[in-house]
Each structure stands twice: as C-alpha cells, then as structure tokens.
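Results of the structural survey
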Amino acid sequence: MYLSLDRKPRTMTTSPQPNPFEAAASLSTPTGVRTVHRLDALRDHGDVDTLPYSIKVLLEAALRNCDGRIVTPEDVIALASYDGAKVAETEIPFSPGRVILQDFTGVPAVVDLAAMRDAIVSMTGDISQARKVNPLVPCDLVIDHSVQVDAFNSSLALGINSRREFERNQERYAFLKWGQSAFDNFRVVPPATGIVHQVNLEYLARVVWDGGTELYPDSVVGTDSHTTMINGLGVLGWGVGGIEAEAAMVGRPIFMLIPEVVGMRLTGRLPEGATATDLVLRVTEILREHGVVGRFVEFHGPGLDSMPVANRATIANMAPEYGATCGFFPVDGQTIAYLELTGRSPELIETVEQYSRLQGMWRDDGREIVYSSVLELDMGSIEPSLAGPRRPQDRIALPAMKSQWERDRDSTFAGHGHPQGARGVEMDGETFDLRDGDVVIAAITSCTNTSNPEVMVGAGLAARKARELGLTRKPWVKTSLAPGSRVVTEYLDRAGLTEDLEAIGFFNVGYGCTTCIGNSGPLPEPVAEAIESHDLVVASVLSGNRNFEGRISPHIRANYLASPPLVVAYALAGRIDIDLMTEPLGQGHDGNDVYLRDIWPAPSDIAAIVSRAITPEQFTEQYGTVFEGPPEWQEIGTETSDLYDWDPSSTYIQAPPFFDGLTPERGVIEPIDGARVLVMVGDSVTTDHISPAGAIPAGTPAGAYLKECGVPELMFNSYGSRRGNDRVMARGTFANLRVRNLLAPGTEGGWTTDFTDGNVKTIFEAATSYRSAGIPTIVLAGIDYGMGSSRDWAAKGPFLLGVRAVIAESYERIHRSNLIGMGILPLQFMAAESADSLGLDGTEEFGIDINDGLRPRQEVEVTVRRLDGSEGSFTTVVRMDTPVEVDYYRNGGILHTVLKEMATAG
C-alpha cells in the first residue's frame, strides 16, 4: 500500500511526552517481576484480538516506545485499529529490539560507523562527539561469508579452506576486532562457527526479551535478506539495507507503511518422499504468483500442529524469494519444543509461554484473524522438486526435470552449448567427456537446509545407501558440505553419517555460506577449461535459496535449488538431463542399475536417527564458547581507540567518501538536468548483477586496481570480502559477468557506450568520463529491479559512479530503500509503460523535474532530448513512499540525515 499524495509529513515534538496509555502491568516470571505492556488495554481503540500475530508485535513495540515524539499515540491507535481487509495508508516508526549482521554487509556497516565518527568530529570540531555514533541496541555480527571452497573431496579441505580464509581476511578481521572494542552493544561471532541465521535460530534469539525491568517480543532487523529465517521461531524479523541497519543501530527507527498481511493456511502433512525444501519451493511459487512484495505473510492452520520449527525456518528463510517482507509463524508448542531441544534455559522457556499467552501472541487457530487475503495449501500435495535454472520461483517437479532441461537448453540457453561436448577431459588420473547438462557443482549448503536435521539426516542416509551399493560422485562434480553450525557436525558424527557422506565426496569444507553466496571457489582447471573452450552449458545443484544467473560460479549458467538428499542424487548421476524417476543413477558393485528409489531414506529411519542423535547438550556445549573463536582469531591483535586509524595502503578497509564535505544544514532537492544513461537493463536484474559478491576476475577494473596495488591474483579474494574498500566496489559495480547492458549490445559483463565520445568501454571508465565532464547519469530498468540480496553496495556503487536516479517498471523492497538511503532518486514508470513502450533506447538526454517541495508518490515529469534533436516527455511516480524517505533523499541519504541531527543536537 502507498501513501496518498496529500498526506501531511510526520511532525515531532521537541521533547518526549508521557505514555498516555495505561497499559503497563506487572508479571511475575521465573527471573522476577517484570513490566508488560498489555495489548488488551487497547481494546477501546480496536479489535486487538483479531489482529494478525505479526501486527501485534508491531503494536507492542509502538505501545512500549510511545513517547509522543518519535512514536505518537496516533501510531499506536493506527496499529490497534488495523483492519486486514482494508489496510490504512499509514506510516509508522518501528524500533527493532536488536540488529544482526554478517561480515560481507557487516564490515561496510562498521566502516560507515567509523566514518560517521570522523564526520561528526569534522562537523563539530569536538572529538568527544565521536561517541555519539554508537549502537544503542544489541548488535551481533556473525562471520560466515568469507570461507570459500578452495579445497574439496578431502579430509584436509576444512583445514585448508579455514587457513586460506584467515590469510585473505586478516585485515578485515582485525578491523572487526577494533569495532568490537570501540563500540558498545556490539559483539562478533568469530569465523568457523556457523551461518548467521542458523546461529540466530539456535542461540541468539530469545523469542521474548527480558530487558531487566520489562518483557517484550524479540524482534530483529539484519543486513542479510534471509534474516527472515528467524520468523520460523516466532521472532519478527526481516532484512534491511546495511544503511538502514546502521541507522537502526544508532537509535533511528525504521519508518514503514503498515503492511498488508497475507494469511497462508497450511493443512495436512508432507507425504513420504517430500521434504521441507520441496514445500518451500511450492510456497515460493504460489506466493510469487499471488504477489506479496511489501507484505507480511503469516502462516496458520492445522498443518502447523505437527510442523517442527526446523521446517518453519526453512519456509521463513525464503521470504525474499517469494517476495514478502517476512513469513511469520506464531509462537506455539512447537516453538517451546525447539527452545528445549536447543538448550535454552527453563526460565526463558517458561517466560516465553507465559508472556505469549498473556499477550494473545500464542497461536490459537480458534481465534478469527482478519487477513488482507488468504491462501491455502494442502501439504499432502507436495512432491519432490527443484527450482531453476535462474530463479527460485521457477519450480520444476522432479519427474519433469529432464524435459524442462531440454526446453531450457534450446530456449533459455540458445546460442550456447556444444552438441558433442568436450571429449577426453583428463583430471586426477581419470578421463571423461564433459557435456551440456553435466552437473559440475553439487553443494549441501545454506542455512535454508543445513538448519534442518530431517533433510541433513536424509542426505546422510542417502549417502549411506549409495555407499553400500557401490556408488560415488562422478569425477567432474565438485562436491561440498558446509554445515550451518557445529551442532550439525556433532549429530552427523553421532549418527555415523559423516563417514558415509565423505565416502561419496561430501567432506566438510567450512562453517559458512560457501556456494549459496557464490563462494564456491574455482572449478578444477581441466573442467573450467573444457567449459570455456566449448561454451558448455553446465549445471550446479545446491541446497541453497538463490540461483540467480552468475551467482554460483562464473562458469555455470544453469543453477538448481534442491533438497540435500537430491543434491546427493545429482552428484551420483553427474548430470541434470536425467529422469531420476525412471533412469538409474549408475551401476553398483554388482553391475546392476541403482535408482533413486533404492537410496531414498524412509521417514521412519530419518525420525529414529533425529530423535537419538540430537540432544540439548550439543547446543549448550557448542555455543558455550561461541565468542572465543579458533586460535587464528584469538591471535589477531586488538586496537583500542574511538577513531579508527585508516591505513591508506590497505586494499580491504578504506575511509569511504560518502560524508566528505557534509555540513549540519538541511539539504535542498533540485532538478536533475542533462542526464545520460549509464546502464539500460531488462527485467529481474538482481543486486548480484549490480554488485557481485563472488570472485574478482583479473581482467576487470577491480582486478586491475588490485594488481596496481601489488595484490597477486591468487589473493584477489571476492568482491564481498572487499566491501570495506569503496575503490574496489565502485569498480565492481555492474561488473557481473552475466550483466547484459542494452547500451553495449553483443557484450556480457560491465560494458556500456560512453556518449561523451561514442566508444564502448567499461562501465567504470564511462562513469569516470561522465563525472569528469560534470554529467549526471541514470539507470533504465524493467520489472523487479534490485531483486535478491539486501546488499547496500548495489546502491552505494551506483552512487559512487555518479548515478543520480533509476527509472524502473518496479522495484524490490530492500533495494528501493537502499537507493533512497544513498540519495539516489527511484522513479517508476506509469502502469503499462516501460522504456520499450515509450520508445527509449538509452541514447537520449534526460531531465527530471523535481524541487524542494517533492512529496511521497508524487508524479514527476521526465523530459527527453533525442540524438536527432527532437524532444518529448513522460510521467513517472516518485517511489519514495513516506515523508521521512523524502527527508532522507533531501539530505543526501539516511546516514547523512542522522549525522546532521547529531551535529545540531545539544
């Protein structure tokens, strides 16, 4: 829902006011008497009993924080009177209870905080003002994005990959240790611990937070889009841009429109052979078709009675893929069972149930909840599936996989591939042919699935049966197992399944995101050379949540999401062009065909192992020393100072230029004149396309920069690891090898036409040329621009290139917010219009008619001057949806606004 155009801007009083609602009450808990802000005290303002559970969490936060200044009584009443059938177009502030970060997005967040300290000192001339920039809510950063799969299929892989991780990231880790000592309320979970969302689920989250004097629902925002996974535990949370998270860290509320809530009623149980992965792929397909962007999804129905939190977390994890802000599961008996399983304290567990029942936050399907719309899914209809080859919502039922591959080969990948393939590839003493459709990566990876014992044990049992029958991985398949926490290793070891997984090639390669985020490491050189020389269309199969083009590996065009047991199966088959329902995986010891049905585990076998191999003690033991880290982490020296001592020679950490020359005065919105198009792209352009996270190729502007700095190619590391250095990231913007810029037809990668001289050159070179000439630039795009990860560098990078505005057919939620957070104007074509329908080809010169009176959702005229001198115009809508967002844009961005307020405050 959008704000109406005549909505008045939010105003704030100069000082906090007493909370006018008599809602505070005392509750005796196992740890003492605590204050509770009771929602039933608001019944005079609305039917709070019919509110969606997720809206109740927003309501409680507004009620508890109501001070008449930031949170007004009107905000509380707007939520208390929420009508799911007709959601009012109302902006509210939301202050999450905590912030969680991972290192790829967390390092630049800490870099920005350090730069903000420098800026506030520069603006005020007072070094004591530096500590104004400080987290005011609990913040945890989990290092999980840096380990890469360099070594695999070996018992030495874990040690080799860990050693290289520390070699590559020593500067970054030293910087994070400085941040831990310099900032209050900021903790770092060291490398080799687990994946951020799994650590959050298994350890950090509390469901109900005890602040010492009051109780309130745990809530969180994070710098990773899959922060949504925590909603499976009944904790409201979602991903935001790093910029917005930084503002939340220093006490700035998140301003949002009250969301519509789509109810999804689940009935039945998963049939034999289907997994939670298959369920979430079907949920993603349904919700993408329904349309839930900008909305909450709330799951309910009798199907939840027997659904464990692990399955709920798998579904909640993929909320970004189905487009929702979050996918929420209310607290119930399954929540309590999970807290007990993971070793949470009895006192916390009792408090969670006590508080949730008191506040009407305990799931009760007998209560009539009013949703904006309701969908229903019988889980008994779920079938084994994959999703791909480029988008998570493109589900393919397993029996249709071969025929769908053949269609994609001939259409999606037309112009690529080789009919005969590469003959006689030699590697590790074996000779084989490599063909289109061969699987070259099979990865059990990602918190989406490694947090789920049922599918992990299922993969282990499939491996056990394959081993018994004499099957193993095909020699061209790069196999890997990256557990989301050390607890996974504990229960696989205890069940005796680790040895079975290793026997078919799935050795532990590290505790981190690995392949799911593009840290798949290089393919073996003979395989990579065969793919390149024959332009082969090969595949990856991974138990991850994203499969966007160019994300998993630069050599792989077709990427498929699947459950861990299916990942095992495709590693054994070695190809995607196979019907696993009717064709054999291979031949066993006895020469007989072995089929998928021969290795697929029975649900009763999985359940038996899960019940005996997983204990609360495993969680308490592994998380008892969670902040200590391995010896390599402990040996990193810690610097203590309020201001960071920037090293000008560092290629990892540099002071960003975002706040250079910032003054305390309020900004002014001015027209954008004479703009040229830097990049023109089509639909479904992801943040991976805009700001890649994977390996830095030598022949790119970023690679050339690192080479000039004396960095050997072996140590280039990834774009994600160098997000603390704006000079690398600006050069890497739009440098994804699969970006197709319509201004440079016939090319892939970061190329464009520079209209100052008419030459085709790298996007970074063209941007430098435009900036030198004082010419602003824009981006033209299609539908779902900025879909995918929450990475703020997809906005920061364009800002540094001189992009002043984006004109798209539609935006993904987080990226739109990030653009505003960096002072880039998001404009949207009118309904049914596009660059193509308006006859735009990107060669035009653009003018955008805005001024300081700009309002949310205002219609704005864009003038066009074509190469032949003719002129025209078209209308767009400003995609700033709240008055606060307009203020952020006016001041140059959200952090700029925070600094201006800090500098002028007493």
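Notes on the structure follow. (Residues numbered from 1 in each chain as written. Predicted model: local features only at pLDDT ≥ 70, side-chain atom pairs only at ≥ 80, totals over all residues. Heavy atoms only, no water.)

A word on the overall build of the protein chain
Assigned secondary structure in the protein chain consists of 30 helices and 34 strands. Relative to the compact-globule value of 29 Å for 906 residues, the protein chain shows a C-alpha radius of gyration of 27 Å, a close match. Overall, the protein chain is about 80 × 75 × 55 Å in size when its C-alpha atoms are taken along their principal axes. Classification of the 906 residues of the protein chain by burial places 64% in the buried group. A sequence separation of at least 24 residues applies to 77% of the contacts in the protein chain between residues at least 6 apart. Taking the average location of the 77 positive side-chain charges in the protein chain and that of its 120 negative ones, the two points are 1 Å from each other. (Helix = DSSP H or I, 4+ residues; strand = E, 2+ residues; numbered from the N terminus. Rg over C-alpha atoms; globule rule 2.2 N^0.38 Å. Buried < 20%, exposed > 50% of the residue type's maximum accessible area, 1.4 Å probe, protein only. Contact = heavy atoms within 4.5 Å. Lys, Arg positive; Asp, Glu negative; His and termini not counted. Charge placed at Lys NZ, Arg CZ, Asp CG, Glu CD.)

Brief notes about helix α12 (residues 401-410)
Looking only at α12, the buried set comprises M401, W405 and D408. Taken end-on, α12 shows its buried residues confined to a sector of 65°, consistent with a single buried face. Next to the buried residues of α12 lie β16 (385-387), β17 (395-397), β23 (558-561) and α18 (564-573). (Arc of directions from axis to C-beta.)

Considerations on the nonpolar core
Counting 294 residues, the largest nonpolar core has L434, Y785 and L825 as the members making the most contacts within it. Per element, the largest residue contribution to this core is 13 residues, and it comes from helix α3 (residues 103-124). For Y785, the residues in contact, after removing those within four places along its chain, are V681, V685, I690, F734, V779, V806, A808, S810, Y811, E812 and H815. (Core = buried A, V, L, I, M, F, W, Y, C linked by side-chain atoms within 4.5 Å.)

Observations regarding the sheet that holds strand β32 (residues 845-848)
Around the barrel, seven strands lie side by side as β26-β29-β30-β31-β34-β33-β32; this closed barrel has mixed pairing. Neighbour-to-neighbour, the strand axes of this sheet turn through a mean angle of 40°, independent of strand direction. Examined bridge by bridge, strand β26 (residues 672-680) and strand β29 (residues 777-780) share four bridges and lie parallel to one another. Bridging from a neighbouring strand, M680 pairs with L780 of β29. Helix α26 (residues 763-773) rests against β26 and β29 of the sheet, and its axis sits at about 170° to β26. (Pairing = 2+ DSSP bridges. Axes fitted to C-alpha atoms, helices over the stretch in contact; angles between N-to-C directions.)

Side note on the sheet that holds strand β14 (residues 326-328)
Judged by pairing direction, the sheet is parallel, and its four strands sit side by side in the order β14-β13-β12-β15 without closing on themselves. Each end of this open sheet is capped by a strand with a single partner; those strands are β14 and β15 (373-378). The average angle at which neighbouring strand axes cross in this sheet is 25°, direction not considered. The sheet contact formed by strand β12 (residues 261-267) and strand β13 (residues 296-300) spans five bridges and is parallel. Bridge pairing in β13 places V262 opposite V297. Across the sheet, helix α1 (residues 53-65) is in contact with β12, β13 and β14; its angle to β13 comes to roughly 125°.

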